[in-house]
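What follows is each chain in one-letter form.
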Amino acid sequence: MNRYIKQSILMMFLTLLGMQAMAIEEAKYTVLKQEGQLELRQYAPHIVAETLVESDFEGAGNKAFRRLFNYISGNNESRQEIAMTAPVSQAEKGEKIAMTVPVGQQLSGKNWVVSFMMPASYTLETLPKPKDNQVILRQVPEHYVAAIRYSGFWSQKSYNHHKQQLEAWIKKQSFKTTGEAIWARYNAPFTPWFFRRNEILVPVEQ
């Protein structure tokens, strides 16, 4: 085994260890129907922190991420004392909120709504109020979505390709859509493209 192959295997191994170490809370759902990477899901109620940004498809996430990340890192009006986790971000009277997945991105007119799911341990009453009025907290009720899961680069070309597959499956299953598609990302930007978990979720009637 040559040196290049050994280095490649070591890098993949370390990446997998890092992914396991960084495991975080995910949105809870039940799979009701599955065909390969295509699924019909029932999502439990949850809360999101979301913000509206004016940007193109590929720039919206970057533009909104810092605003939302600042909120969960302490740019909020804390209503209770909770244990801080490392790293500690310095923010006056701020509460650090655990990161969750996925990060959602949904078209709204000519803009994009980008959202972080909040940990299940919070309610709208116990979540600290954002200091940034561009960050909104919203309760999402139980709902159903048709979903497709794929790996790869975060590009509009890949998104459009998989969205077409999902739309064809929705039509085949005679599902009735009730909202715009949501692009969901589960991994950090430094995650290799072949390890990334990406999804497109389309709300449908029960």
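Structure: see above.
Here is what the cut-offs are and how they apply
Residues numbered from 1 in each chain as written. Predicted model: local features only at pLDDT ≥ 70, side-chain atom pairs only at ≥ 80, totals over all residues. Heavy atoms only, no water. Pairing = 2+ DSSP bridges. Helix = DSSP H or I, 4+ residues; strand = E, 2+ residues; numbered from the N terminus. Axes fitted to C-alpha atoms, helices over the stretch in contact; angles between N-to-C directions. Contact = heavy atoms within 4.5 Å. Expected span 1.5 Å × (residues − 1). Bend = angle between axes of the 7 residues up to and from the residue. Buried < 20%, exposed > 50% of the residue type's maximum accessible area, 1.4 Å probe, protein only. Salt bridge = Lys/Arg side-chain N within 4 Å of Asp/Glu carboxyl O. Polar contact = N/O pair within 3.5 Å; in protein donor to acceptor, adjacent residues only side chain to side chain.

**Q** So what exactly am I meant to see when it comes to the sheet that holds strand β11 (residues 143–150) here?
**A** Two pairing modes exist for strands in a sheet, parallel and antiparallel, and in both the strands are linked by backbone hydrogen bonds. Ordered by their spatial adjacency, 9 strands build an open sheet running β2-β3-β11-β13-β12-β7-β8-β4-β10, and the pairing between neighbours is antiparallel. With one partner strand each, in any of the chains shown, β2 (29–35) and β10 (136–140) form the two edges of the open sheet. On average, each strand axis in the sheet is tilted by 30 degrees relative to the strand beside it, whichever way the strands run. Taken together, the 5 bridges between strand β4 (residues 46–53) and β10 define a ladder with antiparallel strand orientation. Counterpart to glutamate 50 in the pairing with β10 is isoleucine 136. Taken strand by strand, helix α3 (residues 156–173) contacts β2, β3 (38–43), β11, β12 (182–185) and β13 (198–204), and its axis lies near 130 degrees from that of β11.

**Q** In this structure, what is going on with unusual backbone geometry? I would like to understand it.
**A** The phi angle at serine 174 is positive, at roughly 60 degrees, despite the residue not being glycine. Tracing the backbone shows serine 174 in the loop between α3 and β12.

**Q** Help me understand helix α2 (residues 57–73) in this model?
**A** In an α-helix, one full turn covers 3.6 residues, which means residues spaced three or four apart are oriented alike. Compared with an ideal rise of 1.5 Å per residue, which puts 17 residues at 24 Å, α2 spans 25 Å between its outermost C-alpha atoms and is within 8% of the ideal. Helix geometry: α2 is bent most strongly at phenylalanine 65, by close to 35 degrees. What α2 keeps buried is the set Phe57, Ala60, Gly61, Ala64, Arg67, Leu68, Tyr71, Ile72 and Ser73. Remark: glycine 74 follows α2 within two positions and exhibits a positive phi of approximately 135 degrees.

**Q** Help me out: how do you make sense of the pattern of salt bridges in this one?
**A** Proximity of charged atoms lets side chains of opposite charge pair with each other. With the rule as written, the count across this model stands at 8 salt bridges. In this structure, glutamate 25 engages lysine 28 in a salt bridge whose closest nitrogen and oxygen atoms are separated by 3.8 Å. Ionic pairing is found between arginine 41 and glutamate 199, a salt bridge with its closest N-O pair at 2.8 Å. Here arginine 41 is found in strand β3, whereas its partner glutamate 199 is found in strand β13, with 158 residues between them in sequence.

**Q** Looking at this model, I keep getting lost on the environment of glutamate 199. Mind explaining?
**A** Residue glutamate 199 is classed as buried on the basis of its relative accessible area, which comes to 0%. When the C-alpha positions of glutamate 199 and serine 151 are compared, they lie 8.4 Å apart, and in sequence the two are 48 residues distant. When near neighbours in sequence (up to four residues on either side) are disregarded, glutamate 199 contacts Tyr29, Arg41, Tyr43, Ile148, Arg149, Tyr150, Ile182, Trp183, Ala184 and Tyr186. Within polar-contact distance, the side chain of glutamate 199 engages the side chain of arginine 41 at 2.8 Å.

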